[in-house]
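Next come the chains, spelled out residue by residue.
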Amino acid sequence: MNVYDGQRMTELLEAEGMTAVAEGESADLVVLNTCHIRERASEKVYSDIGRIVKRAGADKPLIAVAGCVAQAEGREISARAPAVDIVVGPQAYHRLPALVAEAAGGKRALDTDMPLVSKFDLLPARRRQGPSSFLTVQEGCDKFCTYCVVPYTRGAEVSRPWAAVIDEAKALVDAGACEITLLGQNVNAWTGEDEAGRMQGLDGLIRALDRLPGLARIRYMTSHPNDMTDGLIEAHRDVEKLMPFLHLPVQSGSDRILKAMNRSHDSESYARIIDKVRIARPDIAISGDFIVGFPGETDAEFEDTLKLVERIGYAQAFSFKYSPRPGTPAATMDDQVPPAVMDERLQRLQGALNRQQHAFNDTIFGRTISVLIERDGKKPGQRIGKSPWLQSIVLETDAPVGTLLDVTIVSSGPNSLNGVAAPQLERLYVA
Ligand code: SAH
Ligand code: SF4
């Protein structure tokens, strides 16, 4: 979502006549879009500010801190880093041009409001973002997991209206997108009225996007297990453009820990959802998020997470050490787990998840699959694309970025798979 917000801020500033410069080039304004989800992400902004100030010398650019660190820390940011001129929260960045003008006049500018009028109504039209585009449809969260800052930094759960989403999707397709990933903190909690006034869920939105000419692939993330409706599962069965990939975080395999996390699902209900999704779409790849070392997590409870991982079989996953976040209930719970124990658990979990990822990648080996060419590779003639299962595929082709190509997978590396475009493979055999 921060990538999406970054694109929207760029479009906004470009509409004001500014031009984006490449990373490392000198700029008049630097916007740091920040993440507050874990301490490490949050602290990174201060080292980045230090580096920018040092590099610029006497010619310091205006520095804006945007995103969730801005929301959570507000004025404290400029107290800790006086070089910061602008602090703007994730629901107020439509005001960036006005804040820049204020700061250019020598004032410190701050806006961390969460206005009732959606920022989306005030942003300029979408521009070209490449063949694969993000589209935020839902923001915020009302679920209050005990470890998580999102409900405080992004605010309450809000769905963007049906027409706004469809219009933005059309604009993205007109600008060259053939894949759209619908985004939300709990994207499958999206609800809204369609043009006929009927209440719809995310599945209704996906079915409407399915009818959009020119759009070839639809994805969505991140989902919450409790919002995984039967309608959405059926969309995985019926909608061919909906890619066979589901990112469904579970966090832990221990029911006691899930309860302490206030997750409102248990490991069994999670596994049952995955079973249903697999019946609807047998080739679906499952991805997840995990936290190790939540306060009070015992060795046996961590083993339950490993057991759940074995039961589900993930194609890909993100796993994190628990990070106490200021203002969340878990941060003051007893029995915080020592860092060394967290390190060991994370290593074991990631070992298991990596093995599963490699095993999944091996199932693609030798197959001819559809690949969306997204960008140039490092070497001349090389392009990088994505499989339906979100794997990066490296291949040599002169097919332009944005092409959907049949590609045969000929070898696999740790982070990517190598392919040969099917017509070239035919030529290779004939030769
Ligand atoms: N709404 C999604 C997740 C959004 S946050 C869901 O509930 O499933 C993205 C991920 O960051 C979470 O899934 C979780 O694994 C991780 N995360 C959030 N807070 C964390 C914390 N305090 N420490 C470590 N990881 C955290
Ligand atoms: Fe955070 Fe997700 Fe829980 Fe909401 S549901 S509080 S975003 S982890």
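Small disclaimer: the values here were computed from a predicted structure and weren't measured. (Residues numbered from 1 in each chain as written. Chains lettered and ligands numbered in written order. Predicted model: local features only at pLDDT ≥ 70, side-chain atom pairs only at ≥ 80, totals over all residues. Heavy atoms only, no water.)

Asker: Which parts of the structure should I look at to understand the domain arrangement of the protein?
Answerer: For interface size, the figure often reported is the accessible area lost on association. Per the domain assignment, the segments of the protein are domain 1 (2–111), domain 2 (119–362) and domain 3 (368–421). Just the C-alpha atoms count here: the centres of domain 2 and domain 3 sit 25 Å apart. When domain 2 packs against domain 3, close to 1,300 Å² is buried across both sides, 58% of that on carbon and sulfur atoms. Three residues, Pro131, Arg217 and Asn361, lead the burial of domain 2 against domain 3; their summed loss comes to 39% of the area buried on that side. Linking domain 2 with domain 3 are zero salt bridges, by the criterion used here. (Domains from an automatic or database assignment. Buried area = accessible area lost by both parts, 1.4 Å probe. Salt bridge = Lys/Arg side-chain N within 4 Å of Asp/Glu carboxyl O.)

Asker: Teacher, can you tell me more about the pattern of salt bridges here?
Answerer: Pairs can form between side chains of opposite charge once their charged atoms are near each other. One pass over the full model with this rule turns up 32 salt bridges. The closest approach of N and O atoms between Glu11 and Arg126, which form a salt bridge, is 3.1 Å. A residue pair is termed long-range when its members are at least 10 positions apart, and Glu11 in helix α1 (residues 2–15) and Arg126 in the loop between β4 (109–111) and β5 (132–136) qualify at 115 residues. Given the relative accessible area of 8%, Arg126 is considered buried. One continuous salt-bridge network, built from bridges that share partners, spans Arg8, Glu11, Arg126, Arg160 and Glu168. (Helix = DSSP H or I, 4+ residues; strand = E, 2+ residues; numbered from the N terminus. Buried < 20%, exposed > 50% of the residue type's maximum accessible area, 1.4 Å probe, protein only.)

Asker: Explanation requested: the environment of Thr363 in the structure shown.
Answerer: For Thr363, the position within the fold is in helix α13 (residues 339–364). For the pair Thr363 and Glu168, spaced 195 residues apart in sequence, the C-alpha to C-alpha distance is 36 Å.

Asker: Teacher, can you tell me more about the packing of aromatic side chains here?
Answerer: Evaluation of the coordinates by the stated rule reveals six aromatic pairs. Centroid distance Trp162 to Trp190: 6.3 Å. Interplanar angle 45°. Geometry classified as tilted. Placement of Trp162 in helix α7 (residues 162–174) and of Trp190 in the loop between β8 (179–183) and β9 (191–193) is noted, with a sequence separation of 28 residues between them. Of the two residues, Trp162 and Trp190, both sit in the buried class. Across the ring face of Phe320, the terminal group of Arg38 is positioned such that the distance to the ring centre comes to 3.7 Å. Sitting over the ring of Phe120, Arg160 keeps its end group 3.9 Å from the ring centre. (Phe/Tyr/Trp six-rings, centres within 6.5 Å; stacked < 30°, edge-to-face > 60°. Lys NZ or Arg CZ within 6 Å of the ring centre and 35° of its normal.)

Asker: Just checking my understanding: could you explain unusual backbone geometry for this structure?
Answerer: Cis geometry is adopted by the peptide bond preceding Thr222, which originates at Met221 and carries an omega value of 0°. As for its position among the elements, Thr222 is in the loop between β11 (217–221) and α9 (230–238). Although it is not a glycine, Gln251 adopts a positive phi angle of roughly 80°. Taking the relative accessible area as the measure of exposure, Gln251 reaches 7% and is therefore buried.

Asker: Is there a simple way to explain the site of ligand 1 in this structure?
Answerer: The environment of ligand 1 is formed by 18 residues, the closest being Gln185, Gln251, Arg263, Asp289 and Ser323. The side chain of Asp289 places a nitrogen or oxygen atom 2.6 Å from an oxygen atom of ligand 1. Relative to its unbound accessible area of 550 Å², ligand 1 is 90% covered by the protein chains. Of all the secondary-structure elements, those providing two or more residues to the shell around ligand 1 are β13 (285–292) and β14 (316–321). (Near = heavy atom within 4 Å. Polar contact = N/O pair within 3.5 Å; in protein donor to acceptor, adjacent residues only side chain to side chain. Areas by Shrake-Rupley, 256 points an atom, 1.4 Å probe, with all protein chains shown as cover.)

Asker: Can you help me understand the sheet that holds strand β18 (residues 404–412) in this one?
Answerer: Sheets are built from strands that pair by backbone hydrogen bonding, the pairs being arranged parallel or antiparallel. What the five strands build is a closed barrel, ordered β15-β16-β17-β19-β18; its pairing is mixed. Neighbour-to-neighbour, the strand axes of the sheet open up by a mean angle of 55°, direction not taken into account. Direction of pairing for strand β17 (residues 392–396) relative to strand β19 (residues 417–421): parallel, over a ladder of three bridges. Paired with Val394 across the two strands is Asn418, which belongs to β19. (Pairing = 2+ DSSP bridges. Axes fitted to C-alpha atoms, helices over the stretch in contact; angles between N-to-C directions.)

Asker: Would you mind going over the site of ligand 2 with me for this structure?
Answerer: Taken together, Cys141, Lys143, Phe144, Cys145, Tyr147, Cys148, Val150, Pro151, Asn186, His224 and Arg263 make up the full set of residues near ligand 2. Considered class by class, the residues forming the shell around ligand 2 number seven nonpolar, two polar and two charged. (Nonpolar A, V, L, I, M, F, W, Y, C, P; charged D, E, K, R; others polar.)

Asker: Any chance you could explain the nonpolar core here in plain terms?
Answerer: General note: in soluble globular proteins, nonpolar side chains tend to be found buried as a group. By size, the foremost hydrophobic cluster in this structure holds 51 residues, and its most contacted members are Val137, Leu182, Leu202, Ile206, Tyr220, Tyr270 and Tyr314. Those residues within four positions of Leu182 in sequence are excluded, and the remaining contacts are Leu135, Val137, Val187, Leu202, Ile206, Leu209, Ile218, Arg219, Tyr220 and Met221. Judged by nonpolar contacts, the second largest core, of 20 residues, contains Val88, Tyr93, Phe120 and Leu123. (Core = buried A, V, L, I, M, F, W, Y, C linked by side-chain atoms within 4.5 Å. Contact = heavy atoms within 4.5 Å.)

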